[in-house]
Amino acid sequence: MLMTILFNWTQIDWIKWMPVEIAVLLLLIILIRLIRRLTRWGSIKISHVREGVWDYRGTKYHSYHTSYKSNSLEIVDIQNEKTHKNNNNNNRILLIPPLLDNIIKGNHLATAITMMGQDVVVLNYNNVQDFCKDLTTGENNNINFENFLLEGRFSTVILFDWSIFPIFKLLGFYDNQPLNKDLSNISWVLIRPTLKWSDIRSIWKTIPFTGIWFSKLRFLKFQDNFYKQQSLVFKKSASISDVGDNQRKIIFIQPSRSWLSKDGEKNLVNYQKNCLEVSESDIFQFSQGSWTFFRNETIVLGIIIQIILKKT
């Protein structure tokens, strides 16, 4: 058939073969999207950033810190480095990246933040699951994660879509629970904010092989553990309104194309204004661009850096 098309293309009824032409075109589009997604963010190494592990009570978490040594590409245990043993300032950043990100082979966002002189600790899906495992049984034992934040001296926490709900649920940002005032100095950067599973559009209502589609497909496994089993009560937390402008800051970075339904977007606005009492200056909303911030990555990084610099 292929040879017939190649050598007798002027005699072919192209109208008749239209379904085949469309199918081939769609396959090419899907292939191009897959190639772009798989090759867009490769591993990265740079001389002034070292990847290592941060040991917290016997558990090792992937970390990044600055280095000006010539042999700075090897993996190290930063707990054993003298330059970090006596470091008592609150310049450590906690990052929970998207589910599709690789945190081992050089995370681009973590590397860029580290270049500012910040230590960055990166949690993956398994790390979050360990901290939030009590949520699946209906319990809310948040003391372990609170200690993790306090003893780690984190100044800023950066969360992407999937991790916002379990972390906020764990710390009591939802259910009018008293918040630990020792955490009041931490700033929160919420990227592609997602409050609950029911606020997200059905995967069948999104265009296949787009950033939103891939994100939700990866999200299906995670939501069974934390989202469907939790009922949310959005109540104003009394301690949030008592925090001064120089202390806790909650920043939202929202893409122009959201995976939230219309009701979900209304819930988000209500939660931002009535529960967290954030101002319009704390919400960065893109009017153009995609779910993955394609070609807008530098703007997202600029917003994050702005928040970090205010804390140092």
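Notes on the structure in this doc start here. None of these values were measured; they are calculated from a predicted model. Starting from 1, residues in each chain are numbered consecutively following that chain's sequence as written. This being a predicted model, a pLDDT of at least 70 is required before a residue's local features are given, and a value of 80 or more before pairs of side-chain atoms are given or counted; all residues contribute to the totals for chains, interfaces and linings. Hydrogens and water are ignored here; the side-chain numbers use all heavy atoms of the structure.

1. A few points about the overall build of the protein
Keep this limit in mind: By definition, any uninterrupted DSSP run of H or I lasting at least four residues is a helix, any uninterrupted run of E lasting at least two residues is a strand, and each is numbered from the N terminus. Under the scheme applied here, a residue whose accessible area is under 20% of the maximum for its type counts as buried, over 50% as exposed, and between as partly exposed, the area being computed with a 1.4 Å probe on protein chains only. Contacts are assigned to residue pairs that have any heavy atoms within 4.5 Å of one another. Only the protein chains shown count as cover for residues, and the accessible areas themselves come from Shrake-Rupley with a 1.4 Å probe.
Helix and strand content of the protein: 11 helices and 9 strands. Put simply, the protein has 312 residues, and 46% of those count as buried. In the protein, the proportion of contacts linking residues at least 24 apart, taken out of those at least 6 apart, comes to 77%. Carbon and sulfur atoms make up 55% of the accessible area of the protein, which amounts to about 16700 Å² in all.

2. Notes on unusual backbone geometry
Of note, the phi angle at Arg 153 is positive, near 55°, even though the residue is not glycine. Within the secondary structure, Arg 153 is located in the loop between helix H6 (143–151) and strand E6 (154–160). Judged by its relative accessible area of 24%, Arg 153 falls in the partly exposed class. Although it is not a glycine, Phe 293 sits at a positive phi angle of roughly 55°. Mapped onto the elements, Phe 293 comes out in the loop between strand E9 (283–285) and helix H11 (297–311).

3. Some remarks on the packing of H6 against helix H7 (residues 161–171)
Let me state the cut-off plainly: Note on method: axes are straight lines fitted to C-alpha atoms, helices fitted across the in-contact stretch only, with angles between N-to-C directions ranging 0 to 180 degrees. Angle categories: roughly parallel below 35 degrees, roughly antiparallel above 145, roughly perpendicular from 65 to 115, and oblique for all the rest. Residue polarity is assigned by list, with Asp, Glu, Lys and Arg as charged and Ala, Val, Leu, Ile, Met, Phe, Trp, Tyr, Cys and Pro as nonpolar; anything else, Gly included, falls into the polar class.
One can describe the packing of H6 onto H7 by two numbers: an axis separation of 9 Å at closest approach and a directional angle of 100°. In terms of orientation, H6 lies roughly perpendicular with respect to H7. Residues Phe 145, Glu 146 and Leu 149 of H6 touch H7, and the partners they reach there are Ile 167, Leu 170 and Leu 171. Classifying every residue of the contact of H6 with H7 gives 5 nonpolar, no polar and 1 charged.

4. Comments concerning the side chain of Gln 254
Using the following cut-off: Polar contact criterion, stated in full: a pair of N or O atoms within 3.5 Å, where within protein one must be able to donate a hydrogen and the other to accept it, and residues adjacent in sequence count only if both atoms are side-chain atoms.
Within the secondary structure layout, Gln 254 lies in strand E8 (residues 249–254). A polar side-chain atom of Gln 254 sits 2.7 Å from a polar atom in the side chain of Gln 272. Other than its neighbours up to four places away in sequence, Gln 254 contacts Pro 193, Leu 268, Gln 272, Ile 283, Phe 284, Gln 285, Phe 286 and Phe 293.

5. Some details on the packing of aromatic side chains
The condition is simple: A pair of aromatic rings is counted whenever rings of Phe, Tyr or Trp (Trp by its six-membered ring) have centres within 6.5 Å, and the orientation is called stacked for planes under 30 degrees apart, edge-to-face for over 60 and tilted otherwise.
Summed over the entire model, instances satisfying the criterion amount to 17 aromatic pairs. Ring geometry for Trp 54 against Phe 154: centres 5.7 Å apart, planes inclined by 85°, an arrangement best described as edge-to-face. Of the two residues, Trp 54 sits in strand E1 (residues 49–56) while Phe 154 sits in strand E6, which places them 100 residues apart along the sequence. Both residues of the pair, Trp 54 and Phe 154, belong to the buried class. Between the aromatic rings of Tyr 56 and Phe 148, the centroid separation amounts to 5.2 Å while the plane-to-plane angle is 85°, which identifies the pairing as edge-to-face. Taken together, the residues Tyr 56 in strand E1 and Phe 148 in helix H6 connect sequence positions 92 residues apart. Taken individually, Tyr 56 and Phe 148 each receive the classification buried, so the pair is uniform in this respect.

6. Structural notes on a positive patch on the surface
To keep it simple, the criterion reads: A residue counts toward a patch only above 30% relative accessible area and without a salt bridge, and it is joined to like-charged neighbours within 9 Å or, for Val, Leu, Ile, Met, Phe, Trp and Tyr, to nonpolar neighbours within 5 Å. Salt-bridge detection follows one rule: a side-chain nitrogen of Lys or Arg within 4 Å of a carboxyl oxygen of Asp or Glu. By the counting rule applied here, Lys and Arg register as positive and Asp and Glu as negative, while His and the ends of each chain are not counted. Note on charges: their place is set at NZ of Lys, CZ of Arg, CG of Asp or CD of Glu.
On the surface, a cluster of positive charge is contributed by Arg 33, Arg 36, Arg 257 and Arg 295. The residue Arg 257 is located in the loop between E8 and helix H10 (262–275) in this model.

7. As for H7
The element H7 is extensively covered by neighbouring structure, given that 11 of its 11 residues are classed as buried. Looking at the residues trailing H7, positive phi occurs at Gly 172, about 90°.

8. Concerning the nonpolar core
As a reminder, the rule being used: Working definition of a nonpolar core: buried Ala, Val, Leu, Ile, Met, Phe, Trp, Tyr and Cys residues. They are joined through side-chain atoms within 4.5 Å.
Counting 45 residues, the largest nonpolar core has Leu 123, Phe 145, Phe 148, Leu 149, Phe 168 and Trp 188 as the members making the most contacts within it. The element contributing the most residues to this core is H7, with 6 residues. Sequence-distant contacts of Phe 148, defined by excluding residues within four places in its chain, comprise Trp 54, Tyr 56, Tyr 61, Leu 94, Leu 123, Phe 131 and Phe 154. In this structure, Ile 113, Phe 160, Ile 251 and Ile 253 belong to the second largest nonpolar core, which totals 22 residues.

9. Observations regarding a nonpolar patch on the surface
Among the surface-exposed residues, Ile 15, Met 18, Ile 22, Leu 25, Leu 26 and Ile 29 lie close enough to one another that they form a single nonpolar patch of about 560 Å² accessible area. Mapped onto the elements of the fold, Met 18 is located in helix H2 (residues 18–39). The exposure class assigned to Met 18 is partly exposed, which follows from its relative accessible area of 34%.

Note that every value here comes from positions in space, so none of it alone points to a role or purpose.
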